[in-house]
Amino acid sequence: MPTFSRGHTCVTFSQRWFAPSSAGAAPDLGVLTDDVEALAGHLGLERMAIVAQSLGGIAGLGYSLRHPERVSALVMSGTTGWIDLGAAAGPVHAESQRLEAALVADAIHPALGRRLALEQPELFSLYLAIDRLGTVVDKPAIRRSNPPPRPSVAEVAALATPILWVFGEEDPITAPGLTGPGAGRLVAQALPQTRLEMLPATGHSPYFERAARFNELVLDFLAANP
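Rules used throughout
- Residues numbered from 1 in each chain as written.
- Predicted model: local features only at pLDDT ≥ 70, side-chain atom pairs only at ≥ 80, totals over all residues.
- Heavy atoms only, no water.
- Buried < 20%, exposed > 50% of the residue type's maximum accessible area, 1.4 Å probe, protein only.
- Helix = DSSP H or I, 4+ residues; strand = E, 2+ residues; numbered from the N terminus.
- Pairing = 2+ DSSP bridges.
- Right-handed = clockwise from strand over helix to strand, strands pointing away.
- 1 Å grid on protein atoms, 1.4 Å probe; cavity = no way out; pocket = protein on both sides within 12 Å on 5 of 7 lines; lining within 4 Å.
- Points joined across faces, edges and corners; volume = space filled by probe spheres on them.
- Nonpolar A, V, L, I, M, F, W, Y, C, P; charged D, E, K, R; others polar.

A. Local environment of the pairing of strand β2 (residues 71-77). Most of β2 is tucked away: 7 of the 7 residues are buried. Bridge count for strand β1 (residues 48-53) against β2 is 6 bridges, and the pairing is parallel. Bridge pairing links Ala52 to Met76 in β2. Remark: the β1/helix α2 (residues 56-66)/β2 crossover connection has right-handed handedness. One ladder, built from 4 bridges, connects β2 with strand β3 (residues 163-168); its direction is parallel. What sits directly across from Ser77, in β3, is Val166.

In structure tokens form, the structure reads like this:
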């Protein structure tokens, strides 16, 4: 935020189920886009760029599809936004579940992965401390909740909004580093008019693991799409 706020007015918020927001009703991912819309209305944001990470991608893409005229640029980090990528995504999902289960069995947070735990243990420990402060309901329950209708490839392809996708090549959740097409490459194949950045030696959280490179990518993208 200090980096981005040098040249931009920045707004951050905690999605429902993440402190200090409340858990509210039972998890239902379909309300996340409604929350962004309500917040934008409350703050009078008529046009903005959206930078979304992981679960935030559902709301970021959902709002962009609902109000494309209000979104100047969209950054999707570690997320597909739950686009319906068809049967090709089945093997990626299965491999993702396998990778996540292996990490959990070794007490490694899937949002970071094995490499960060081994190579940057201080950063890994910091993430765990932040994570314990910020969650008011268990994330697996959220991820098992009722998803909103999945956007089709055609819907996203029709968006005039510029989109930057950022994935870590070792992300165990979207599993883009598989031999063969992972989520990141599936997105690039389906939406060639958008921009894809694959970060080597990086897991699910590029903004945290490779902050300098992530900030550089986002700032360059926003400058090109004011």
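Structure shown, so let's carry the discussion forward.
B. The arrangement of the layout of surface pockets in detail. Empty space within the second largest pocket amounts to approximately 200 Å³. Forming the walls of the second largest pocket are 13 residues, and the residues nearest its centre are Leu103, Gly113, Arg114, Glu170 and Pro172. Mapped by element, the contributors of at least two residues to the lining of the second largest pocket are α3 (89-105) and α4 (114-119). If one sorts the elements of the lining of the second largest pocket by residue count, α3 sits on top with 3 residues. Taken together, the residues that form the lining of the second largest pocket break down as 6 nonpolar, 3 polar and 4 charged.

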